[in-house]
Amino acid sequence: MTDTEYSCKLDELDRLLNDPEVPMEPARVWSLLAELSHPQGPGAEALQGAD
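Residues numbered from 1 in each chain as written. Predicted model: local features only at pLDDT ≥ 70, side-chain atom pairs only at ≥ 80, totals over all residues. Heavy atoms only, no water.

Enquirer: Explain the environment of Q40 here, please?
Expert: Secondary-structure assignment places Q40 in the loop between α2 (26–37) and α3 (44–48). Sequence separation between Q40 and M1 is 39 residues, and the spatial gap between their C-alpha atoms is 5.5 Å. (Helix = DSSP H or I, 4+ residues; strand = E, 2+ residues; numbered from the N terminus.)

Enquirer: For this particular structure, what's the right way to read helix α1 (residues 3–18)?
Expert: For an α-helix, 3.6 residues make a turn, and residues three or four places apart therefore share a direction. When the terminal C-alpha atoms of α1 are compared, their 22 Å separation across 16 residues agrees well with the 22 Å that a helix rising 1.5 Å per residue should span. When we look at burial in α1, the residues that qualify are Y6, K9, L13 and L16. Summarising the axial view, the buried residues of α1 lie within an arc of 90°, below the 170-degree limit, and thus occupy one face. Pointing more than 90 degrees away from the buried face of α1 are the exposed residues D3, T4 and N18. (Expected span 1.5 Å × (residues − 1). Buried < 20%, exposed > 50% of the residue type's maximum accessible area, 1.4 Å probe, protein only. Arc of directions from axis to C-beta.)

The structure is reproduced here in structure tokens:
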């Protein structure tokens, strides 16, 4: 996942959790959290803070 994709997913998660105008979608929240906690692809180690 690229830095841009990671940032977009964080933004979407933020909207789902904090914007009262956006309906809560628990399945989407969990899906985003799973993707963000285990990014894959080039640069994934940097996003996870690997040495």
